[in-house]
Amino acid sequence: YPIAVVNGDIITANTFINNYDTASVYYRNFLKTYGPGPSTGSGQARSTQGETSSSTPQILTPSQIQKSVLAGLIENILIKKGARKEMGKELDRLVGEKVSQAVEVPEIEKAVKTIYGLSLNDFKSKILVPQAERDILTGSLFLRCQKIEDWLVEEKKSSTVVIFSGKLYWDGEDVASK
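Residues numbered from 1 in each chain as written. Predicted model: local features only at pLDDT ≥ 70, side-chain atom pairs only at ≥ 80, totals over all residues. Heavy atoms only, no water.

1. A short note on the pattern of salt bridges
Okay, step 1: Enumeration according to the criterion identifies nine salt bridges in this entry.
Okay, step 2: Here arginine 134 ties to glutamate 75 by a salt bridge, and the two come within 2.8 Å at their closest N and O atoms. Taken as a pair, arginine 134 in helix H5 (residues 120-143) and glutamate 75 in helix H2 (residues 62-87) lie far apart in primary sequence, 59 residues in all.
Okay, step 3: Residue class for glutamate 75 comes out buried when judged on its relative accessible area of 18%.
Okay, step 4: Its salt-bridge partner being arginine 93, residue glutamate 97 comes within 2.5 Å of it at the nearest N-O pair. Highlighted residues: glutamate 97 and arginine 93, both in helix H3 (residues 90-102), separated by four residues, approximately one helical turn.
Okay, step 5: You can call glutamate 97 partly exposed: its relative accessible area is 38%. (Salt bridge = Lys/Arg side-chain N within 4 Å of Asp/Glu carboxyl O. Helix = DSSP H or I, 4+ residues; strand = E, 2+ residues; numbered from the N terminus. Buried < 20%, exposed > 50% of the residue type's maximum accessible area, 1.4 Å probe, protein only.)

2. Observations regarding the pairing of strand E1 (residues 2-6)
Okay, step 1: Pairing analysis gives four bridges linking E1 to strand E2 (residues 9-12), with the strands arranged antiparallel. Within E2, the position partnered with valine 5 by the bridge is isoleucine 10.
Okay, step 2: Once E1 ends, the chain turns through two residues before running back antiparallel as E2, passing asparagine 7 with a positive phi of about 50 degrees.
Okay, step 3: Looking at chain direction, E1 and strand E3 (residues 161-163) are connected through three bridges and run antiparallel. Looking across to E3, one finds that alanine 4 is bridged to isoleucine 163. (Pairing = 2+ DSSP bridges.)

3. So, the packing of H2 against H5
Okay, step 1: H5 packs onto H2 with a crossing angle of 50 degrees between their chain directions and a minimal axis gap of 9 Å. As the angle between them shows, H2 and H5 are arranged oblique. Two packed elements cross with a definite hand, and for H2 against H5 that hand is left-handed. Residue-level contacts link Glu75, Asn76, Ile79, Lys80, Gly82, Ala83, Glu86 and Met87 of H2 to Pro130, Glu133, Arg134, Ile136, Leu137 and Ser140 of H5. (Axes fitted to C-alpha atoms, helices over the stretch in contact; angles between N-to-C directions. Parallel < 35°, antiparallel > 145°, perpendicular 65-115°, else oblique. Left-handed = near helix turned anticlockwise from the far one by under 90°. Contact = heavy atoms within 4.5 Å.)

4. Quick word on the packing of helix H1 (residues 13-34) against helix H4 (residues 108-116)
Okay, step 1: Contact geometry of H1 with H4 gives a least axis separation of 7 Å together with a crossing angle of 90 degrees. It follows that H1 is roughly perpendicular to H4 by the angle criterion. Along its contact with H1, which presents Thr22, Val25, Tyr26 and Asn29, the element H4 presents Thr114, Ile115 and Tyr116.
Okay, step 2: When grouped by side-chain class, the residues that make up the contact of H1 with H4 number four nonpolar, three polar and no charged. (Nonpolar A, V, L, I, M, F, W, Y, C, P; charged D, E, K, R; others polar.)

5. Points about the confidence of the model for the protein
Low pLDDT means the predicted coordinates in that region are not meant to be read closely.
Okay, step 1: The pLDDT averaged across the protein works out to 89; a share of 88% of its residues lies at or above 70.
Okay, step 2: Every residue in residues 40-53 scores below 50 in pLDDT, and together they form 20 contacts with partners more than four places removed in sequence or on other chains. (pLDDT = per-residue confidence, 0-100.)

6. A closer look at the sheet that holds E2
Okay, step 1: Read from one edge to the other, the open sheet built from three strands follows the order E2-E1-E3, with strand pairing classed as antiparallel. The sheet is open, and its two borders are formed by E2 and E3, each paired with just one other strand. Taking each pair of neighbouring strands and ignoring which way they run, the sheet shows an average axis angle of 20 degrees.
Okay, step 2: Docked against the sheet, H1 engages E1 and E2, running at close to 55 degrees with respect to E2.

7. Notes on the packing of aromatic side chains
Okay, step 1: Within this structure, the stated rule accounts for four aromatic pairs.
Okay, step 2: Where tyrosine 26 meets tyrosine 116, the ring centres are 5.2 Å apart and the plane angle is 20 degrees; that geometry is what we call stacked. With tyrosine 26 in helix H1 and tyrosine 116 in helix H4, the pair connects residues that are 90 residues apart, well separated along the chain.
Okay, step 3: A relative accessible area of 34% means that tyrosine 26 is categorised as partly exposed.
Okay, step 4: Between phenylalanine 30 and tyrosine 34, the aromatic rings sit 4.9 Å apart at their centres with planes inclined by 45 degrees, giving tilted as the arrangement. Of this pair, phenylalanine 30 and tyrosine 34 both sit in helix H1, four residues apart, which is roughly one turn of that helix. (Phe/Tyr/Trp six-rings, centres within 6.5 Å; stacked < 30°, edge-to-face > 60°.)

Structure, rendered in structure tokens:
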């Protein structure tokens, strides 16, 4: 069943859950490596986004990770469409080249399993392909003196996004918590 629709493209609950699981494994491994920072329940000053002002990693709640994952999936759809519009049929070839270069790293399969808990094929589809599409779009925009960040802001504002969740909603520019 759908959890969100972005300009007619569906994000399924299965896709969301799989990406949430991957993000959670990565985040746990990140905390093991770099140590937990202040929890969100601490007395530290917080921004409107709920982030602490400390430079150490903040302990994220499952809800914060869910919000971030859904926002990322929405951005990935917008970026893929933008990259396709810019590059046309060449996009698949360019993405394939970037992904092939990335997986040539020795021991990558072991590292991917350890850090993300993913097979190499899942890592390619969930992490490398969206990153390659982002890189390609970033380069194309750069050639026109545009920044991907500015492009994304405008694209989000002009997109139709519907989120089917009791906890999250689209505020017209980003995923927000109810």
